[in-house]
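Listed below are the residues making up each chain.
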Amino acid sequence: MYIVILGAPGAGKGTQAAVVAEKLKAAHIATGDMFREAQEQETELARQAVSYMEKGQLVPDEITIRMVLERIAAPDCVNGVVFDGFPRNLKQAEALDEALVEQGKTVDKVVYIKVSETELLERLSGRWICRQCQTPYHALNSPPKTPGKCDRCGGELYQRADDTVETVKERLRVYFAQTAPLIDYYTRAGKLLEVDGEGGVDEVGERILASIGGSLIGQRSRG
Ligand code: AP5
């Protein structure tokens, strides 16, 4: 299955994509994480991406699309992928469609996690991330068992440089201008599943899995 998780910065895409990928035994591809990992390793990709990320703007399509198309050709993607943070504009969505069609595949469903702007700002200001495995935590809503340490791998937790008030404002502006039109794009394709993203992490996760499961049962009974 090829699932896209769509939503504004802080909507919970990373948190929920990990849950969905585990459940579906699919690969989890998070473009933001890929860029941040490249920064840790100080690669050429990071050099190209960092100035855009710092400003809260999208990394140019030619860099991002090439990176994702290379990644989906890896063996762990044959059973499916959960995309988190990609596609982020129409050009990326069309590039993904074309690449999957070439492999006889398609984006099956797009989960749009809907969260109010007040809640987004609250979530981003309290977020902490594991430097090693990228697991997100929240100071109040989902704190780690040991302060400053990742429950999963023991890695060091840090706050993202682009989670400052000014950069978050720019990320939201970019989201509404460039990414939100994908809601229409996937609605027209009959693939969009809108899920209320407010409530606890587990509660939202259950809604998402129920929504994907329900839509597939509906598809099979029509087919
Ligand atoms: P990226 O890393 O993708 O950032 P984003 O889209 O802004 O999304 P976030 O990671 O901020 O939020 P999220 O929705 O994953 O929420 P999370 O689960 O962490 O991209 C960063 C940058 O990279 C971009 O600005 C751009 O420069 C570049 N980039 C990436 N992809 C690109 C692309 N395709 N094209 C071009 N450039 C690209 O949750 C947030 C917080 O809330 C956490 O603390 C979490 O613990 C908490 N939380 C989650 N769910 C709940 C809940 N239900 N209740 C309470 N708290 C919750």
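The structure this text deals with has already been given above.
Residues numbered from 1 in each chain as written. Predicted model: local features only at pLDDT ≥ 70, side-chain atom pairs only at ≥ 80, totals over all residues. Heavy atoms only, no water.

Asker: Help me understand the packing of aromatic side chains in this model?
Answerer: Two descriptors summarise a pair of aromatic rings, namely the distance from one centre to the other and the angle between the planes of the rings. For the coordinates displayed, the defined rule picks out 3 aromatic pairs. Ring centres of Phe83 and Phe86 lie 6.3 Å apart, and the angle between their planes is 45°; on these two criteria the pair is classed as tilted. Both residues of the pair, Phe83 and Phe86, belong to the buried class. Here the aromatic rings of Tyr185 and Tyr186 are separated by 5.0 Å at their centres, their planes lie at 80°, and the arrangement is edge-to-face. By the burial criterion, Tyr185 is buried, and Tyr186 matches it. Lys55 extends its terminal NZ or CZ atom over the ring of Tyr52, reaching a point 5.9 Å from the ring centre. Taking the ring centre of Tyr158 as reference, the NZ or CZ of Arg131 above it sits at 4.4 Å. (Phe/Tyr/Trp six-rings, centres within 6.5 Å; stacked < 30°, edge-to-face > 60°. Buried < 20%, exposed > 50% of the residue type's maximum accessible area, 1.4 Å probe, protein only. Lys NZ or Arg CZ within 6 Å of the ring centre and 35° of its normal.)

Asker: Just to check I follow, could you spell out the pattern of salt bridges for this structure?
Answerer: Two side chains that carry opposite charge are able to pair once their charged atoms sit near each other. The tally for this structure, following the rule as stated, stands at 15 salt bridges. Among the ionic pairs, Lys114 bridges to Glu194, the shortest N-O distance being 3.8 Å. Placement of the pair is Lys114 in strand β4 (residues 109-114) and Glu194 in strand β8 (residues 192-196), with a sequence separation of 80 residues. Overall, the relative accessible area of 42% leaves Lys114 in the partly exposed class. Close ionic contact of Asp163 with Arg171 constitutes a salt bridge, the shortest N to O distance being 2.8 Å. The two residues Asp163 and Arg171 agree in class, both being buried. Three or more residues joined by partner-sharing salt bridges are found here, namely Arg127, Arg160, Asp162, Asp163 and Arg171. (Salt bridge = Lys/Arg side-chain N within 4 Å of Asp/Glu carboxyl O. Helix = DSSP H or I, 4+ residues; strand = E, 2+ residues; numbered from the N terminus.)

These figures capture arrangement, not role.
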